[in-house]
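The lines below spell out each chain.
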Amino acid sequence: MAETTGAMAAGENAAAIATAVTIPARRGKATALRQGQVIRVVNTYGQQVVDTWAFNANDLSECLSMEHTRTFLGRIVPKVGDRLVTNHRRPILTVVEDTSPGVHDTLLAACDRYRYELLGYPNHDNCTDNLAAALAELGLTTTHTPSPLNLFMNIPVAQTYEISFLPPVSRPGDAIALRAEMDCIVAFSCCPQDVVPINGVDCTPTDAHFIVSDL
């Protein structure tokens, strides 16, 4: 059942509020989309990275692929109008709206227990486990964790090809909308990173939310 989040972006109408689903801080959530449906992912409090995956609903081995999408687009950050493709090089999602500054990441793998062990934090919440838990809520499993589309994540690449891990530049209520180009399962993780400022200088993960529509 849909949950109503406590902090809505300005301008959302009552019908949208009633169907808003919370992605809890440090946790994951998944939902099924029919071809043509739109899912709007909202950075409720402004500084939360949302790892995002999509799988062909009829064959979970076909999934949104960052490496294939970068090749398809010819750049590393998608923008409005871009189609995001699977490991079979077929469109699975299209970016139809982005009210954020447009800073997202397609380079980094999902955090996992190994990442936090290297940082000195064993048994830490992580996006890889969040994906598995979100899919399990729908009775689904996958044998691997694809590299996610890291919404709102700020990983600039320098001319020396070095990368930086910086706080998001998104604001409360910023949103990106994705249209399903096939029947698919979309999963999210509110990244639990609280060691480096991926989720803002306070290093405090927060909720995000999404809204599904037939528009």
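Residue positions are given per chain, counted from 1 along the sequence in the order it is written. Totals for whole chains, interfaces and linings use every residue, but because this is a predicted model, local features are given only for residues with pLDDT of at least 70 and side-chain atom pairs only at 80 or more, for both listing and counting. The side-chain values count all of the structure's non-hydrogen atoms but skip hydrogen atoms and water molecules.

Q: So what exactly am I meant to see when it comes to the layout of surface pockets here?
A: A probe as big as a water molecule, rolled over the atoms, marks out the empty space that is left. Its boundaries defined by the atoms lining it, the second largest pocket holds a volume of some 190 Å³. Think of a 1 Å grid over the protein atoms and nothing else: a 1.4 Å probe that fits but is trapped marks a cavity, an open set flanked by protein within 12 Å on at least five of seven lines marks a pocket, and residues with an atom within 4 Å of a point count as lining. Lining of the second largest pocket is provided by 15 residues; of these, Leu108, Ala109, Ala110, Cys111 and Arg115 occupy positions nearest its centre. Grid points are joined across faces, edges and corners, and a volume is the space filled by probe spheres set on the points.

Q: Explain a nonpolar patch on the surface to me, please; I cannot follow it from the model alone.
A: A contiguous nonpolar patch, built from Ile76, Leu107, Val157, Tyr161, Ile163 and Phe165 and spanning about 550 Å² of accessible area, is present on the exposed surface. Positionally, Leu107 belongs in the loop between strand 7 (91-98) and helix 3 (113-118). Nonpolar side chains (Val, Leu, Ile, Met, Phe, Trp, Tyr) within 5 Å and like charges within 9 Å form the patches, drawn only from residues with over 30% relative accessible area and no salt bridge. In these tables, accessible area is a Shrake-Rupley quantity obtained with a 1.4 Å probe, and a residue counts as shielded only by the protein chains included in the view. Salt bridges, as used here, are contacts in which a Lys or Arg side-chain nitrogen is within 4 Å of a carboxyl oxygen on Asp or Glu. Strands here mean DSSP runs of E at least two residues long; helices mean DSSP runs of H or I at least four residues long; both are numbered from the N terminus.

Q: Is there a simple way to explain the pairing of strand 7 in this structure?
A: Side-chain direction in a regular strand flips from residue to residue, so the side chains alternate between the two faces of the sheet. With three bridges joining them, strand 6 (residues 83-85) and strand 7 adopt antiparallel strand pairing. Residue pairing across strands places Val85 opposite Pro91, the latter belonging to strand 7. Here the rule is simple: two strands pair whenever DSSP picks up at least two bridges between them. Where strand 6 hands over to strand 7, the hairpin turn is made up of five residues, of which Arg89 adopts a positive phi near 65°. Bridge count for strand 7 against strand 9 (residues 174-180) is five bridges, and the pairing is antiparallel. Its bridge partner lying in strand 9, Val95 is registered against Leu178.

Q: Got a minute to help me understand the environment of Gly36 in this structure?
A: The residue Gly36 is located in the loop between strand 2 (28-33) and strand 3 (38-43) in this model. In this structure Gly36 comes out as partly exposed when scored by relative accessible area, which is 31%. As a C-alpha pair, Gly36 and His88 span 52 residues in sequence and 20 Å in three-dimensional space. Under the scheme applied here, a residue whose accessible area is under 20% of the maximum for its type counts as buried, over 50% as exposed, and between as partly exposed, the area being computed with a 1.4 Å probe on protein chains only.

Q: Explain the packing of aromatic side chains to me, please; I cannot follow it from the model alone.
A: Remark: the centre distance and the inter-plane angle together describe each pair of aromatic rings, the angle taken between the planes. Centres within 6.5 Å are what make two rings of Phe, Tyr or Trp a pair, Trp counting through its six-membered ring; a difference in plane orientation under 30 degrees is then read as stacked, over 60 as edge-to-face, and the rest as tilted. All chains considered together, the criterion is met by one aromatic pair. Ring geometry for Phe188 versus Phe210: centroids 5.3 Å apart, planes at 35°, classification tilted. Separated by 22 residues along the polypeptide, Phe188 in strand 10 (residues 184-190) and Phe210 in strand 11 (residues 208-213) bring together distant segments of the chain. You can call Phe210 buried: its relative accessible area is 3%.

Q: Can you help me understand the pairing of strand 4 (residues 50-56) in this one?
A: In terms of residue burial, strand 4 counts as a mostly covered element, since seven of its seven residues are buried. A two-sided burial pattern is seen for strand 4, the buried positions comprising Val50, Thr52, Ala54 and Asn56 on one face and Asp51, Trp53 and Phe55 on the other. Note: strand 4 against strand 8 (residues 149-151), three bridges, orientation antiparallel. Note on strand 8: the bridge partner recorded for Thr52 is Leu149. Bridge count between strand 4 and strand 10: seven bridges; the pairing is antiparallel. Within strand 10, the residue paired with Asp51 across the bridge is Ser189. Alignment of strand 4 against strand 5 (residues 59-63), held across two bridges, turns out to be antiparallel. Its bridge partner lying in strand 5, Phe55 is registered against Cys63.

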